[in-house]
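Commentary on secondary and tertiary structure
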Amino acid sequence: MNRSTLRVVFAALALLVAGALQADPRVVAVTQIVEHPALDAVYQGVKDELTAEGYAEGTDVTYEHESAQANTAVAAQIARKFVGDQPDVIVAIATPSAQTVAAAARDIPVVFSAVTDPVGAKLVKSLEHPGSNITGVSDMLPLDKHLDMVQRVVPDAKTIGTVYNPGEANAVALVNDLDERLKARGLKLVKAAATKTSEVLGAARSLVGKVDAIYLTTDNTVISAAEAVISVGERAKIPVFAADTATVSRGAVAALGFDYYDVGRQTGKLVGRVLKGENPGDIPVGGVETLSLYVNPGAAKRMGIELKPDVIEDAEKVIEN
């Protein structure tokens, strides 16, 4: 065998060795209960954080992304599919998706995001020590601060309405908490149930004539159809407030909340730690601390009120639409 042939053989062997040493991309499977701006921002935040930590998409990590379109039965199907695929980690966005994944994935690391009450939803034993194969980021709402905002804008409001899905664990927990906090202020809560997005408009209409303002939590069913509630607020001149800032650009009067993109970035940090080998059950559940006031003066006028100058001045973002 001459030298030229040997060089070709050695080059071929080098390529084979390099290919064998090159690791396959890590697989991150993402299940999302429904598509709406807040939860979409979570998913984008997860991807951007992993990219920032050096996980290049297609080379170091690949994503499987599925939306259940607000259907818990579909969410369960997605969970079973992902368990069969055996990814490196499953990211579950919102409570219903997290519950279905937790029930199906016993041996695969799980990181949830945008889950209001992880303990109440029976996802973790405690926030400090989740246990098992799961951790994540909670988006528990600072309800008292939200009610301060509502009363600041409409100080004469005595009755607050809300639309919620009684089949969604985080929604029920929030509404029960909201009811107690309103009672402590001498105010009344009127609830309207919507078990699916097509029922949100009718539920909102049922509040007309009964409430002075409407406040929407982070209920996934309702927020995915927030425009229906906003249209009722505009026609009936009932101010609509929201827990998430993304809804203000969709027509709500105001929201004191956090950026769900930042929630996604925080979730991405946890995913990165899991990919590096940490046990999810040993990682404390994260929470969100920074709040920003978003206001929409045009929406306020369409709903029969005017935002005071000091409220607008305090806003981090003023939506003009």
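Keep in mind that this is a model prediction, so the values were computed, not measured. (Residues numbered from 1 in each chain as written. Predicted model: local features only at pLDDT ≥ 70, side-chain atom pairs only at ≥ 80, totals over all residues. Heavy atoms only, no water.)

Confidence in the prediction of the protein chain, expressed as mean pLDDT, is 92, and 93% of residues score 70 or more. Segment residues 12–21 is flagged for pLDDT under 50; beyond a separation of four residues in sequence, or across chains, it makes 0 contacts in the model. (pLDDT = per-residue confidence, 0-100. Contact = heavy atoms within 4.5 Å.)

What follows is about the sheet that holds strand E4 (residues 110–115). One open sheet holds the 5 strands; their spatial order is E2-E1-E3-E4-E5, and the pairing between them is parallel. The open sheet has two edge strands with one neighbour each: strand E2 (61–67) and strand E5 (134–138). Taken pair by pair, the neighbouring strands of this sheet meet at an average axis angle of 15°, ignoring direction. In terms of strand pairing, strand E1 (residues 26–32) meets E2 through 7 bridges, oriented parallel. Bridge pairing in E2 places Val-30 opposite His-65. (Pairing = 2+ DSSP bridges. Helix = DSSP H or I, 4+ residues; strand = E, 2+ residues; numbered from the N terminus. Axes fitted to C-alpha atoms, helices over the stretch in contact; angles between N-to-C directions.)

The next subject is the nonpolar core. Residues Val-28, Leu-123, Val-163, Phe-241 and Val-253 are the most contacted members of the largest nonpolar core, which totals 102 residues. At 7 residues, the largest contribution of residues to this core is made by helix H2 (residues 37–52). With near-sequence residues (within four places) excluded, Leu-123 lies in contact with Ala-98, Gln-99, Ala-102, Phe-112, Val-115, Pro-118 and Ile-134. In terms of nonpolar packing, the next biggest core, distinct from the first, is built from 6 residues, Ala-242, Ala-252, Ala-255 and Ile-319 among them. (Core = buried A, V, L, I, M, F, W, Y, C linked by side-chain atoms within 4.5 Å. Buried < 20%, exposed > 50% of the residue type's maximum accessible area, 1.4 Å probe, protein only.)

As a further point, take the sheet that holds strand E8 (residues 213–216). Spatially, the 7 strands line up as an open sheet ordered E7-E6-E8-E9-E10-E11-E12, and their pairing is mixed. Of all strands in the sheet, those bounded by a partner on one side alone are strand E7 (188–193) and strand E12 (317–318).

Of the two faces of E8, the one holding Ala-213 and Tyr-215 and the one holding Ile-214 and Leu-216 are both buried throughout. Pairing between strand E6 (residues 159–164) and E8: 2 bridges, direction parallel. In the sheet register, Gly-161 faces E8, and the bridge partner there is Ile-214. Bridge count for E8 against strand E9 (residues 240–242) is 3 bridges, and the pairing is parallel. Paired with Leu-216 across the strands is Ala-242, a residue of E9.

We now examine the pairing of E1. Of all 7 residues that make up E1, 6 are buried, and the element is covered over most of its length. Chirality of the crossover, the property in question, places the unit of E1, H2 and E2 among those that are right-handed. Where E1 lies against strand E3 (residues 89–93), 5 bridges are found, and the strand directions are parallel. Counterpart to Val-30 in the pairing with E3 is Val-91. (Right-handed = clockwise from strand over helix to strand, strands pointing away.)

The geometry of helix H5 (residues 143–153) relative to helix H6 (residues 169–184) is characterised by a closest axis approach of 10 Å and an angle of 60° between their N-to-C directions. It follows that H5 is oblique to H6 by the angle criterion. The hand of the H5/H6 crossing is right-handed. On H6, the residues that touch Leu-143, Asp-144 and Leu-147 of H5 are Leu-174, Asp-177, Leu-178, Arg-181 and Leu-182. For the contact of H5 with H6, the class distribution of residues is 5 nonpolar, no polar and 3 charged. (Parallel < 35°, antiparallel > 145°, perpendicular 65-115°, else oblique. Left-handed = near helix turned anticlockwise from the far one by under 90°. Nonpolar A, V, L, I, M, F, W, Y, C, P; charged D, E, K, R; others polar.)

Moving on: the pattern of salt bridges. What the rule picks out here adds up to 17 salt bridges. One salt bridge in this structure joins Lys-276 and Glu-53, with 3.6 Å as the shortest N-O distance. Placement of the pair is Lys-276 in the loop between helix H10 (260–275) and strand E11 (292–295) and Glu-53 in the loop between H2 and E2, with a sequence separation of 223 residues. One salt bridge in this structure joins Glu-234 and Arg-302, with 3.0 Å as the shortest N-O distance. Taken together, the positions of Glu-234 in helix H9 (residues 226–236) and Arg-302 in helix H11 (residues 297–302) put the pair 68 residues apart, joining distant regions of the chain. We classify Glu-234 as partly exposed; its relative accessible area is 26%. For Arg-302, a relative accessible area of 31% puts it in the partly exposed group. Bridged by salt links that share partners, the residues Asp-144, Asp-148, Asp-177, Arg-181 and Arg-185 form one connected network. (Salt bridge = Lys/Arg side-chain N within 4 Å of Asp/Glu carboxyl O.)

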